Amino acid sequence: MQVAVVGGGPAGMAAAIEAKKAGAREVILIERAERLGGVLPQCIHTGFGVSFFGQDLTGPEFAQRQEDEVARLGIDAWLNAMVIEARPDRTLVVSTRQGLRRLQPDALIFAVGARERPRGAIAIPGDRPAGVFSAGTAQYMTNIQGLQVGRKILVLGSGDIGMIMARRFTLEGLKVHAVLELMPFAGGLTRNVQQCLRDYDIPLHLSCTVVNVRGRGRVQEVVAARVDQNLNPIPATERSYAVDTLVLSVGLLPEVELLQQVGLTILPQTGGPAVDQTFASDIPGIYVVGNGMAIWDLADNVAQSAIIAGRAATSGKPGRGEARIEPGAGIHLVVPQRWQVEPTACTLSFRVTQPVLGARIRLKRGAELLARKSYLALRPAEMGEWTVPVDVWSKVEPRDLLTLDLEGRRE
Amino acid sequence: MNEQSLICIVCPAGCELEVSGDGNEWQVRHNRCAKGIDYARKEVFAPERELTSTVALRGSALEKRLPVRLDRPIARGLILPVVAVIREAVAQVPVEMGDLVLGDVLGLGVNVIASRSVRE
């Protein structure tokens, strides 16, 4: 049994480790960068590993533990190796330092991760000076390259990386004027609002966006405005910031080029392909895990998804047919979207469309209520989890259409 | 203190705690677990934080910076002075995760340790 894993971040390493432990004879881990770890080596803050390792780790520590395990198990890690072609029959063509290599593994796990949403995707008007960075780029420059991105900084978007970088810039002696957020609620984890912004008196302005960037050569001024309920800027609410740097933390998108190349359909809700409870895609022997499948909150989540796939890829038993699971009212996305009918418990992961206090989530088959669970609070920034018990799943039949919806009140 | 709202940062759940009362008798609400009560007591009377940063790294062809962390949380008010000390530190290859980079910073009994291994 040969298993190939594309992507050497936390998901890819977890998948490779688990496949090897489950008895795969040969596991090949393909990473295009010069080091393993994906984004983790630049995420120097803590908050990783609480559920996966039972310990609060920094990103580099999380990656190092996995990297040491990869080496210990004798997994063949190809660095500086990029998949340039992937086919539905699992054939990969990989560009490596030794030249092109071709392989056709028995199972193929894509752990290809995500990209940051770029400036073009949010259509910020104005000049095109230097000094506009995505948060991840700013993080790479600061933490890996040891460069200073600017002196006076404005952050657009309250995603986790944006808030964490606002704190990091402050600790490096730079001035963060504010963090602006388009939505009426923070985009990242609530804990980061406290420990990254409130701790350092960095203002968080909700329902705001950037309406102009001015500067010749370098950013000199960024103009922000409040937005209305439809997220359109409100005239005469403009406020000018005299900054030299604009950092964008406006979300992540699964990196789907290879997934589309093998013929997988990309879902609008997740931005990734549909999977079943083992993260198997629609194509036999091809699995998709981590942020390449859907954007998760934490490295712990992507690694956990990869463990399930790493195990399934090695055993690979077919089910007796499948049901579909779709998001209903109040639910933005649900994972998995397919259920191979079998009597086991399964954890559904989902995001709500709006913050809700006292939420009740329902799993339904048509009008029939299969199960219900209450939550103290749910937020779009934090993936909800529901381990639906086995007695519910044993009622599900092939070709059933299940919906997950929200019965609750707005915050 | 009469009433204070806090976001618990012990774990990613981020409970929005309501703390009320005074030093003798006080109450925490909206915590999902017991850790929230400990967190609220500390946060109100002696807030502490983890601290991570990077230091210069010599001797590696690939890596210019070494990520580091403190081996325990420190008082929130000490973050900036401790960061200033860390900024001047330099590490040398080879270094293993957990290796001591700076001992007993500012006499606080707290150590700066490497967050990853750089072997060459």
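What you see is a predicted model; the values in this text were computed from it and never measured. (Residues numbered from 1 in each chain as written. Chains lettered and ligands numbered in written order. Predicted model: local features only at pLDDT ≥ 70, side-chain atom pairs only at ≥ 80, totals over all residues.)

Description of the overall build of chain B
Secondary structure summary: chain B contains two helices and ten strands in total. Order of helices (α) and strands (β) in chain B, N terminus to C terminus: β-β-β-α-β-β-β-β-α-β-β-β. In summary, chain B has a C-alpha radius of gyration of 18 Å against a globular reference of 14 Å for 120 residues, an excess of more than 25%. By its C-alpha atoms, chain B is 55 × 30 × 15 Å across when sized along the principal axes. Counting every position in chain B, which comprises 120 residues, the buried fraction comes to 33%. Relative to all contacts within chain B whose residues are 6 or more apart in sequence, the contacts with residues 24 or more apart total 44%. (Helix = DSSP H or I, 4+ residues; strand = E, 2+ residues; numbered from the N terminus. Rg over C-alpha atoms; globule rule 2.2 N^0.38 Å. Buried ≥ 20, exposed ≤ 12 C-beta atoms within 10 Å, placed from the backbone. Contact = placed C-beta atoms within 7 Å.)

Concerning the interface of chain B and chain A
Every contact between the two is made by 23 residues of chain B and, on the other side, 26 residues of chain A. Looking at the side of chain B that touches chain A, the elements with two or more residues in it are strand S5 (52-58) and strand S6 (65-70) of chain B. Considering only residue class, the side of chain B that touches chain A consists of eight nonpolar, six polar and nine charged. (Nonpolar A, V, L, I, M, F, W, Y, C, P; charged D, E, K, R; others polar.)

Thoughts on unusual backbone geometry
Between Val 335 of chain A and the following residue, Pro 336 of chain A, the backbone shows a cis peptide bond with an omega angle of 0°. Following the sequence through the fold, Pro 336 of chain A ends up in the loop between strand S22 (331-335) and strand S23 (338-340). Going from Val 93 of chain B to Pro 94 of chain B, the amide bond is cis rather than trans, its omega being 0°. On the secondary structure map, Pro 94 of chain B appears in the loop between strand S8 (90-92) and strand S9 (100-102).

Here's the deal with the domain arrangement of chain B
Quite often, the size of an interface is put as the accessible area lost when its parts meet. What the domain assignment reports for chain B is domain 1 (3-46) and domain 2 (52-114). In this structure, domain 1 of chain B and domain 2 of chain B have C-alpha centres spaced 30 Å apart. (Domains from an automatic or database assignment.)

Comments concerning helix H5 (residues 160-171) of chain A
Residue and element names in this part refer to chain A. The end-to-end C-alpha separation of H5 is 17 Å, in line with the 16 Å expected for twelve residues at 1.5 Å each. Burial analysis of H5 places eleven of its twelve residues in the buried class, which makes it a mostly covered element. Taken together, the buried residues of H5 touch helix H4 (135-143), strand S12 (152-156), strand S13 (175-180), helix H6 (190-197) and strand S18 (245-248). In the stretch just after H5, Gly 173 is the one whose phi turns positive, near 90°. (Expected span 1.5 Å × (residues − 1).)

Some points on the domain arrangement of chain A
All names here are of chain A. For chain A, the domain assignment lists domain 1 (1-117 + 252-317), domain 2 (118-250) and domain 3 (319-411). Taking only C-alpha atoms, the centre of domain 1 and the centre of domain 2 are 31 Å apart. With eight residues of domain 1 in contact, the opposing surface of domain 2 contributes 13 residues.

Side note on H4 of chain A
Here H4 of chain A has its buried residues at Ala 135, Gly 136, Ala 138, Gln 139, Thr 142 and Asn 143 of chain A. All buried residues of H4 of chain A lie within an arc of 160° about the axis, which places them on one face of the element. In this structure, the buried side of H4 of chain A is in contact with strand S10 (114-116), strand S11 (132-134), H5 and S18 of chain A together with S5 and S6 of chain B. (Arc of directions from axis to C-beta.)

What about the packing of H4 of chain A against H5 of chain A?
All names here are of chain A. Where H4 contacts H5, the axes come no closer than 9 Å and their chain directions differ by 35°. Both H4 and H5 take part in a crossing whose hand is left-handed. Contacts from Ala 135, Gly 136, Ala 138, Gln 139 and Thr 142 in H4 reach Ile 161, Gly 162, Met 165 and Arg 168 in H5. (Axes fitted to C-alpha atoms, helices over the stretch in contact; angles between N-to-C directions. Left-handed = near helix turned anticlockwise from the far one by under 90°.)

Quick word on the packing of H5 of chain A against H6 of chain A
Residue and element names in this part refer to chain A. Interaxial distance between H5 and H6 falls to 9 Å at its minimum, and their mutual angle equals 15°. Relative to H6, the element H5 is oriented roughly parallel. In this structure, H5 meets H6 at a crossing whose hand is left-handed. In contact with Asp 160, Met 163, Ile 164, Ala 166 and Arg 167 of H5, H6 contributes Asn 192, Val 193, Cys 196 and Leu 197. Among the residues forming the contact of H5 with H6, the class breakdown is six nonpolar, one polar and two charged. (Parallel < 35°, antiparallel > 145°, perpendicular 65-115°, else oblique.)

Describing the confidence of the model for chain B
Summing up the model confidence of chain B, the mean pLDDT is 90 and the portion of residues at 70 or higher is 95%. Both scores are given for the predicted complex: the pTM is 0.92, the ipTM 0.89. (pLDDT = per-residue confidence, 0-100.)

Observations concerning the environment of Ala 367 of chain A
Mapped onto the elements, Ala 367 of chain A comes out in the loop between strand S25 (356-365) and strand S26 (368-378). For the pair formed by Ala 367 of chain A and Leu 156 of chain A, sequence separation is 211 residues and the distance between their alpha carbons is 42 Å.

Section: the pairing of strand S8 (residues 99-103) of chain A
Residues and elements named next belong to chain A. Here S8 lies mainly on the outside; zero of its five residues are buried. In the sheet, strand S7 (residues 92-96) pairs with S8 via five bridges, with the strands oriented antiparallel. Along S8, the bridge assignment pairs Val 93 with Arg 102. Counted along the chain from S7 to the antiparallel partner S8, the turn is two residues long. (Pairing = 2+ DSSP bridges.)

Some words on the sheet that holds strand S9 (residues 107-110) of chain A
Remark on secondary structure: sheet strands pair via backbone hydrogen bonds, oriented parallel or antiparallel. Residue and element names in this part refer to chain A. One open sheet accounts for five strands, arranged S5-S2-S1-S9-S20; its pairing is parallel. Lying at the two open borders of the sheet, with one neighbouring strand each, are strand S5 (76-78) and strand S20 (286-288). Each strand of the sheet is rotated relative to its neighbour by a mean of 15°, with strand direction disregarded. Where strand S2 (residues 26-30) meets S5, three bridges bridge the pair, whose relative direction is parallel. From the neighbouring strand, Ile 28 faces S5, where its bridge partner is Asp 76. Lying on the sheet, helix H8 (residues 299-315) is in contact with strand S1 (2-6), S9 and S20; it crosses S9 at an angle near 165°.

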